[in-house]
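Tertiary structure, described
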Amino acid sequence: MKMSGAEIFVKALADLGVDVVFGYPGGAVLHIYDELFKNTKVRHLLTRHEQGAVHMADGFARASGRTGVALVTSGPGATNTVTGIATANMDSIPIVVFSGQVPTLMIGNDAFQEADIVGITRPCTKHNYLVKETKDLARIMKEAFYLASTGRPGPVLVDMPKDVLMSTAEYVLPKEVSVRGYHPNYEGHPKQVESAIRALLEKERPVLYVGGGIILSSAASLLTDFARILGIPVTPTLMGMGAFPGTDPLYMGMLGMHGTYQANMAISHSDMIVALGARFDDRVTGKVDEFAPHAKIIHVDIDPTSIQKNVPVDIPIVGDLKDVLKKMIKLVKGTKEAAAYREKIAPWREQVRKWATTHPLSYKKTKGKIKPQYVVEQVYELTKGNAIVATEVGQNQMWAAQFYKYDRPRTFLSSGGLGTMGYGFPAAIGAQVAMPGKLVVDIAGDGSIQMNIQELATAVQYRQPVKVVILNNGVLGMVRQWQELFFQGKYSQTCLPQIPDFVKLAEAYGAKGFRATRTEDVAGVLKKGFEADGPVFIDIACDPNEMVYPMVPAGAPLTKMLLV
Amino acid sequence: MRHTISVLVENEFGVLSRVSGLFSGRGFNIESLSVAETVDPSVSRMTIVTSGNDQIIEQILKQLNKLISVIKVVDLTGADTVDRELVLIKVNADPETKTEVLRLVDIFRAKIVDVAPRCYTVEMTGDEAKVKAFLQLLRPVGIKEVVRTGLVSIARGM
Ligand SMILES: Cc1ncc(C[n+]2csc(CCOP(=O)(O)OP(=O)(O)O)c2C)c(N)n1
């Protein structure tokens, strides 16, 4: 039986197991919306901006491990997705974005609401498609989901001209996908793994440096086993938060620009770094030439381009971390060598512990304005570490990484690679949709929250009880921090004198709002906010002069930290 | 160092811009690029000449491999290959230079493909060294215009 492209689209979504789509309608996708109107299998959530839709799909994916889906119209609808797509691309998040397109015959004619979205998103997708014929639609959709979620995950865009959605074809969803140019290598080479372990066991000052790859590959518990078997200290990147329990004695906290003294000193004195699903981002390495000057490097990644890109690597292993860690564990678990090794590196663990005590994460608890770090600590106390925490970008993001402990993967959602302000709130809504029973908290800045604040309407409409904790310092804090340190305190365009009343604003949208202006009220107000039904804004008046420490100035080596 | 990279790609629209976009987006340089369908019409072959240090070349090869539309990447550098380029040269053909042009065309086994009152158009194929030498010898005669295809390269034997 022949079906229209729009019918094929909706049926294929259901057959591919998609039950939630975040989207926004328009002329080019009207036929799809007409189908969605009749369909009951696929739930569509109407967002208030296409960027919101893509971040929601992204938050949905990060929290659940399932591929997130967004649907938008042509032209402005499609271009509004670009920031969300680039965000997912930098952090390797599996999402599929479907965009409408003007009819095939009008493509290239500057038609109404036409944009070359395949061209625009080529450098920021894992792959993208323009569907030219209705008969190809189901196959391309199957491929898109396959590409998005396998190998190194990432966003895939499928652009669908209006006539393709209107014409008819036989519905054939292929069972198998075969893309000739795509063969991700899941299995780490056993010889390479063996030589890595051998090299590691010879060393005395090892560090496990772990990134988002551990979480993407669902390898967190294997990592924990491996670290404990050999007794090796662990430092995660921002993307690796939750890959290893934040409450474990081997945990050193994040490394890099705002990493802990302990982690940065450990890296700088290490003689063996085992990098697992991390890519040596410049926010992590500091000055590259002086990064880990004494260390040999073992680097495991599913994406060969990540290896040898920023730093020279001694033992590269291409493969899925699940496979490689299993192999590594098999080689050491229960062996005499492992026990001897744990023993041998005890002095190193002792040294690492000392660094933790000389300069622990801290802040000055002065009277007066509320300290944002204190607020994050209180959020941790109240949630007992059981929340899913999303963040915006800026100081709020760094404090959320520093002062909340993440024991499980998929509980910290943050725009790491692109650093997208406005990410956290829609991502939190997406995560809440994926995890209905969970407490989801967005730790926000007053600048960032205003970038996608319209999604409050979405949260209210669909009763998504996301709690937004606004660390309201009245400034674009992180930029102001740089001006303070490197531009002689000339605060050019970083003070926000015109901040809305977030409590009233929440109420205007039909949500609830709470406010704290004194330190002694913080815990109580947070508690009230978290216990209230539905979406909530909790506006906390924070000290505008507070800074994120430690800080490694851009381009300096990790040992040159500015401390509290 | 200079590298000649042979890339098999899906013969579909947009592939060229995926490949060239990879180079421009990452600040890699393309010296020449030639592309056409292979015996299998669903596959095209590109020959890309580029240069960079070992680390850059390694990234170029890996990044090319990572593109979904790329089927196979081979670095032909250092391999035993047959290399060719086609050049068309418009050169002065005054009474006093004519014989010199004809002599060089003969020596280089080039071909005159168009004749105008004061100008010949010469076609020549060869590897890079030959093309370079030919152009150098023609220069004193007066070259008006040159077009080159860029290198195509194929491994010998098998
Ligand atoms: C979309 C976007 N625009 C600009 C920036 C640059 N930027 C980084 S942090 C920051 C300030 C963020 O201010 P706020 O959200 O109030 O958070 P705070 O640092 O005060 O916690 C800015 C402007 C960015 N990361 N993203």
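Preceding this section is the structure that the text describes.
Conventions and cut-offs
- Per-chain numbering applies: the sequence of each chain, read as written, is numbered from 1 onward.
- In the order they appear in the text, chains get letters beginning with A and ligands get numbers beginning with 1.
- Two thresholds apply to this predicted model, a pLDDT of at least 70 for residue-level local features and 80 or more for giving and counting side-chain atom pairs, whereas whole-chain, interface and lining totals are computed over all residues.
- Only heavy atoms go into the side-chain values, all of them from the structure, while hydrogens and water stay out.
- With a 1 Å grid laid over protein atoms only, a set of points is called a cavity when a 1.4 Å probe fits there but cannot get out and a pocket when it is open yet has protein on both sides within 12 Å along at least five of seven lines; lining residues have an atom within 4 Å of a point.
- Grid points are joined across faces, edges and corners, and a volume is the space filled by probe spheres set on the points.
- Only runs of H or I of at least four residues qualify as helices and only runs of E of at least two qualify as strands under DSSP, and these elements are numbered from the N terminus.
- Each residue gets one label: Ala, Val, Leu, Ile, Met, Phe, Trp, Tyr, Cys and Pro are nonpolar, Asp, Glu, Lys and Arg are charged, and the others, such as Gly, are polar.
- Note on classification: 1.4 Å probe, protein chains only; a residue is buried when its accessible area is under 20% of the maximum for its type, exposed when over 50%, partly exposed between these limits.
- By convention in this text, a residue qualifies as near a molecule or strand provided that one of its non-hydrogen atoms is within 4 Å of it.
- Pairing of N or O atoms within 3.5 Å defines a polar contact, subject to two protein rules: one partner must be a possible hydrogen donor and the other a possible acceptor, and residues neighboring in sequence count only if both atoms are side-chain atoms.
- To measure how exposed things are, a 1.4 Å probe is used in the Shrake-Rupley method; for residues, cover is taken only from the protein chains shown.
- At least two DSSP bridges between two strands are required for those strands to pair.
- Any two residues whose heavy atoms approach within 4.5 Å are treated as being in contact.
- By convention, the term buried area covers the 1.4 Å-probe accessible surface removed from two parts as they join, with the contributions of both added.
- Salt bridges are defined by distance alone: a side-chain nitrogen of Lys or Arg within 4 Å of a carboxyl oxygen of Asp or Glu.
- Put simply, a nonpolar core is a bunch of buried Ala, Val, Leu, Ile, Met, Phe, Trp, Tyr and Cys residues held in one set by side-chain atoms that sit within 4.5 Å of each other.

Section: empty space enclosed by the protein
Residue and element names in this part refer to chain A. As enumerated under the stated definition, the model contains one cavity of 30 Å³ or more in all. Every residue lining the largest cavity is counted, 14 residues in all, and those nearest its centre are Arg62, Ile93, Ile215, Met239 and Phe412. Among the secondary structure elements, those contributing two or more residues to the lining of the largest cavity are helix 10 (212-216) and strand 15 (412-413). The element contributing the most residues to the lining of the largest cavity is helix 10, with three residues. Grouping the constituent residues of the lining of the largest cavity by class yields eight nonpolar, three polar and three charged.

As for the environment of B:Ile5
All names here are of chain B. Examined against the element boundaries, Ile5 turns out to sit in strand 1 (residues 2-10). A relative accessible area of 0% means that Ile5 is categorised as buried. Along the chain, Ile5 and Ile57 lie 52 residues apart, while their C-alpha atoms are 9.8 Å from each other.

Section: the site of the ligand
Residue and element names in this part refer to chain A. The ligand sits among 17 residues. The nearest are Gln395, Gly419, Gly447, Ser448 and Gly477. The contact in question runs from an oxygen atom of the ligand to an N or O atom on the backbone of Gln395, over 2.8 Å. One nitrogen or oxygen atom from the main chain of Gly419 is found 2.9 Å from a nitrogen atom belonging to the ligand. Protein chains bury 76% of the 590 Å² of accessible surface belonging to the ligand in isolation. Broken down by class, the residue content of the shell around the ligand amounts to seven nonpolar, nine polar and one charged.

Things to note about the pairing of strand 6 (residues 127-130) of chain A
Residues and elements named next belong to chain A. Where burial is concerned, the two faces of strand 6 agree: the one with His127 and Tyr129 and the one with Asn128 and Leu130 are both buried. By the bridge criterion, four bridges tie strand 6 to strand 7 (residues 155-161) in an arrangement that is parallel. When the bridges of strand 7 are listed, Asn128 appears paired with Leu157.

Side note on the interface of chain A and chain B
Buried accessible area, meaning the area lost when the parts come together, often serves as the stated size of an interface. Tallying the contact residues gives 18 residues for chain A and 20 residues for chain B. Taken together, the two surfaces of chain A and chain B that pack against each other cover about 1,600 Å², and 50% of this comes from carbon and sulfur. Area buried by chain A at its contact with chain B is led by A:Arg122, A:Arg180 and A:Thr305, which between them contribute 39% of it. For the pair chain A and chain B, the interface holds three salt bridges. Between B:Lys66 and A:Asp303 there is a salt bridge whose closest N-O contact spans 2.7 Å.

Quick notes on the nonpolar core
As a rule of thumb, nonpolar side chains are buried together in soluble globular proteins. Residues and elements named next belong to chain A. Counting residues in each nonpolar core, the largest one holds 103 residues, and the members touching the most others are Leu208, Ile214, Phe226, Leu276, Met328, Val469 and Ile540. Sort the elements by how many residues they give to this core and helix 11 (residues 220-230) lands first, with seven residues. The residues touching Met328, leaving out its near neighbours within four places in the chain, are Val193, Ala196, Ile197, Phe226, Val300 and Ile317.

A few points about the environment of A:Thr67
Residue and element names in this part refer to chain A. Residue placement: Thr67 occurs in the loop between helix 3 (50-64) and strand 4 (68-72). Between the C-alpha atom of Thr67 and that of Tyr146, which follows or precedes it by 79 residues, the distance is 9.6 Å. With sequence-adjacent residues up to four places away left out, Thr67 is seen in contact with Phe60, Pro94, Ile95, Val96, Phe145, Ala148 and Ser149.

Some details on the side chain of A:Glu35
Residues and elements named next belong to chain A. With respect to the element layout, Glu35 can be found in helix 2 (residues 30-38). Accessibility expressed as a relative area gives 13% for Glu35, which makes it buried. Residues within four places of Glu35 in sequence aside, it is in contact with Ala6, Glu7 and Val10.

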